[in-house]
Amino acid sequence: MGLMKNCKETSVLVTQSLDRGLTFQERFAMRLHLLICRNCARFMKQMHLLRTWLRIENEAEQPGLTDKARERIASKLREEE
Amino acid sequence: MGDPERWLEEHGDYLFRYARRRLFSDELAEDAVQEVFLAALKAQERFTGSSSVRTWLTGILKHKIVDIIRHQYREVTAPRSSDPDNEDDWEALFDNRGHWAETSRDWGDPVSEFERSRLREALDECFRRLKPNLAQIFSLRELSGLSNDEICKALDITTTNAWVMLHRARLFLRECLDMRI
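Residues numbered from 1 in each chain as written. Chains lettered and ligands numbered in written order. Predicted model: local features only at pLDDT ≥ 70, side-chain atom pairs only at ≥ 80, totals over all residues.

1. Topic: the overall build of chain A
Phase 1: A tally of helices and strands in chain A yields 4 helices and 0 strands.
Phase 2: In chain A, the succession of α and β elements from N to C terminus is α-α-α-α.
Phase 3: What you see for chain A is a C-alpha radius of gyration of 23 Å, clearly larger than the 12 Å of a compact globule of 81 residues, by over 25%.
Phase 4: Within chain A, buried positions represent 22% of all 81 residues. (Helix = DSSP H or I, 4+ residues; strand = E, 2+ residues; numbered from the N terminus. Rg over C-alpha atoms; globule rule 2.2 N^0.38 Å. Buried ≥ 20, exposed ≤ 12 C-beta atoms within 10 Å, placed from the backbone.)

And the structure:
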């Protein structure tokens, strides 16, 4: 595997670094490219932001169970009890 | 009113929101919550009280969510996903030398309440637009926190396949969010 990567190849390494441990050589090649490429450095930042944002839980704003669903589940529970 | 019914009162909304966020569907989320309470009813004597009720119920829910996604992926999505992804969509992001066709933008991190709620809306919208099989695998990885191995086992796909799909999901979400934030 060559050490000089283009953006397309680097983008694959960047997303895979979120899903598996890269090999030493892959990590080195990725870092090398990121040093000289602002677009890919931003891409990397965006990928990390995406992960961070998905972990923000603000579920209180979302609707809860509807009365109908709640009643259905409650009556199922009474049946089973 | 027995314990499970009281639990439904106290934790039903929380569990529903938790499931809805990972399943992208009100209907599937309701099913998941119902299954959690039925399972909790059967297992209530095994609940030792060493964790909070909510933690215990959420633990059951996590397993149900993976089961539901696995089922959806195999039964519902798999036959349809045999039509190949349009490779050109992804190719268009790069020029013929493999450089980005367009400059990447600096997203910045939203801090104000307003920015955050807009971001939330953008994320929801982009998840809705994502192809179902990509949304399912991405949800298992990022929202349920499964490892690659666990995903491959659950969905019965190869490691390479999983990486390619996660890569595509991320590229799609990036493009989609970039237009909205």
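2. What to know about the interface of chain B and chain A
Phase 1: Chain B puts 41 residues into the contact, and the matching count from chain A is 32 residues.
Phase 2: Every element with two or more residues in the side of chain B that touches chain A is listed here: helix H1 (3-23), helix H2 (26-43), helix H5 (113-129), helix H6 (132-143) and helix H8 (159-178) of chain B.
Phase 3: Taken together, the residues of the side of chain B that touches chain A sort by class into 17 nonpolar, 9 polar and 15 charged. (Contact = placed C-beta atoms within 7 Å. Nonpolar A, V, L, I, M, F, W, Y, C, P; charged D, E, K, R; others polar.)

3. Quick word on the packing of helix H4 (residues 67-80) of chain A against H2(B)
Phase 1: Contact geometry for H4(A) and H2(B): axes closest at 10 Å, N-to-C directions at 25°. For the element pair H4(A) / H2(B), the angle class is roughly parallel. H2(B) is crossed by H4(A), and the crossing has right-handed handedness. Only Glu30(B), Val33(B), Gln34(B), Phe37(B), Leu38(B) and Leu41(B) of H2(B) make contact with H4(A), whose side of the interface consists of Ala69(A), Ile73(A), Lys76(A), Leu77(A) and Glu80(A).
Phase 2: Tallied by class, residues from the contact of H4(A) with H2(B) come to 7 nonpolar, 1 polar and 3 charged. (Axes fitted to C-alpha atoms, helices over the stretch in contact; angles between N-to-C directions. Parallel < 35°, antiparallel > 145°, perpendicular 65-115°, else oblique. Left-handed = near helix turned anticlockwise from the far one by under 90°.)

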